[in-house]
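# Architecture and fold: a report
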Amino acid sequence: VGVYGYCVLPGGHAIPHDLTGLDGAGLRAYTIDDLTVVISEIDRPEPTAEHVQQHNSAIEGVVTEEVTPVPLRFGQWAPDAGMFDKVVREKAAWYHERLKAFAGALEFGLRAVRPDMPPSARDVRIAQAATGRDYMNALREKVVAERGHSEEADQVRQGISEILGAFIREERVEEARTPHGVITVSHLVSRESFDEYREHAQRLRTRYPDMRFLVSGPWMPYSFAS
Amino acid sequence: MSNQPTSDLTREMGLAELVNRVLDRGAVITGEVTISVAGIDLIYLGLQLIVSSAETAKSRGVYRLNPGEE
């Protein structure tokens, strides 16, 4: 049996007594100076989709209107609590800064997808080129395609900022990793702005009619805890 | 996928978004874990699901996801 971590909270923050973690394991507050790590004492968990959901549910269970924890990534397990002591103490100032930034806020995800994007715009293959000239032509095509995609992503990002900027505390932009993805952003949004954020996000459909915009949330602020 | 009720579609997309977040982001203390099926990372599978679902969603008018508000 070792120690599995879910999230980091301000010291003294209460954990609901009936809240459970992976496979129904009990949760315990492990205090490190003036921070609290929510842990379970369990064997190293198998990585499954069910465990991912249980990990997230445990974190959601300790959120209050005032306190949003710093979520840990799935799989943070150690044979004993020593590793947690070391890392949390080393990064204590960062955890405090994040807890302050997260207070009263949660994360929304916004993913712009263009299903009709031609394959050449994202995935020009150069490895199969038969001759040097073919290779250079393919390389040029790839560079042009990537530049065009980057410009499109920049334009969409600007549009998102204009429409939603007033309702977000922080933004993270992620490289689109799928063939039709244009841009993926995460926003840290105050609770009082949730409705306005959702309403204004609908305007993106009008401004960019060729794209699909997938808005999800509220989530624990995973994207702002990396 | 095209015959799925909208609520199932929304649930699958929510799960894909969750898996992507919980595995790929968040604070790291002890190390990395990747869930994979048949040698393919679930993070990537999740993103594939999001894209295919988005194309299905086009015909359904599903543009906004709010887990828990199906």
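None of these values were measured; they are calculated from a predicted model. (Residues numbered from 1 in each chain as written. Chains lettered and ligands numbered in written order. Predicted model: local features only at pLDDT ≥ 70, side-chain atom pairs only at ≥ 80, totals over all residues. Heavy atoms only, no water.)

### Thoughts on the overall build of chain B
What counts is decided by this rule: Numbering of helices and strands runs from the N terminus; a helix is a DSSP stretch of H or I covering at least four residues, while a strand is a stretch of E covering at least two. Three exposure classes are used, based on accessible area relative to the maximum for each residue type with a 1.4 Å probe and protein chains only: buried under 20%, partly exposed in between, and exposed over 50%. Note on contacts: a residue pair qualifies if any of its non-hydrogen atoms lie within 4.5 Å across the two residues.
Of regular secondary structure, chain B possesses two helices and two strands. Each helix and strand of chain B, placed in order from N terminus to C terminus, yields the pattern α-β-β-α. Within the span of chain B, comprising 70 residues, buried residues form 47% of the whole. Restricting the contact set of chain B to residue pairs at least 6 apart, pairs at least 24 apart contribute 67%.

### Focus on the confidence of the model for chain B
All names here are of chain B. Quick reminder of the rule: For every residue, the predictor assigns a confidence score, pLDDT, that lies between 0 and 100.
Overall, the predicted model of chain B reaches an average pLDDT of 62, with 30% of residues at or above 70. When mean pLDDT is compared element by element in chain B, helix α1 (residues 6-24) scores highest at 76, while helix α2 (residues 42-60) scores lowest at 53. Across residues 57-70 the pLDDT falls below 50, and counting only partners more than four positions away or on other chains, this stretch makes 34 contacts in the model. Complex prediction metrics read pTM 0.81 and ipTM 0.79.

### Concerning the packing of aromatic side chains
Residue and element names in this part refer to chain A. Stated precisely, the cut-off is as follows: A pair of Phe, Tyr and Trp rings is counted when the ring centres sit within 6.5 Å of each other, with Trp represented by its six-membered ring. The angle between the planes then sorts it: under 30 degrees is stacked, over 60 is edge-to-face, the rest tilted.
Across all of its chains, the model carries six aromatic pairs over all chains by this definition. Geometrically, the ring pair formed by Y4 and Y6 is edge-to-face, given 5.0 Å between the ring centres and 70° between the ring planes. Consider the rings of F108 and F194, whose centres lie 5.1 Å apart with planes at 75°: the pair is edge-to-face. Separated by 86 residues along the polypeptide, F108 in strand β6 (residues 105-113) and F194 in helix α5 (residues 194-201) bring together distant segments of the chain. Neither F108 nor F194 differs from the other in exposure class; each is buried.

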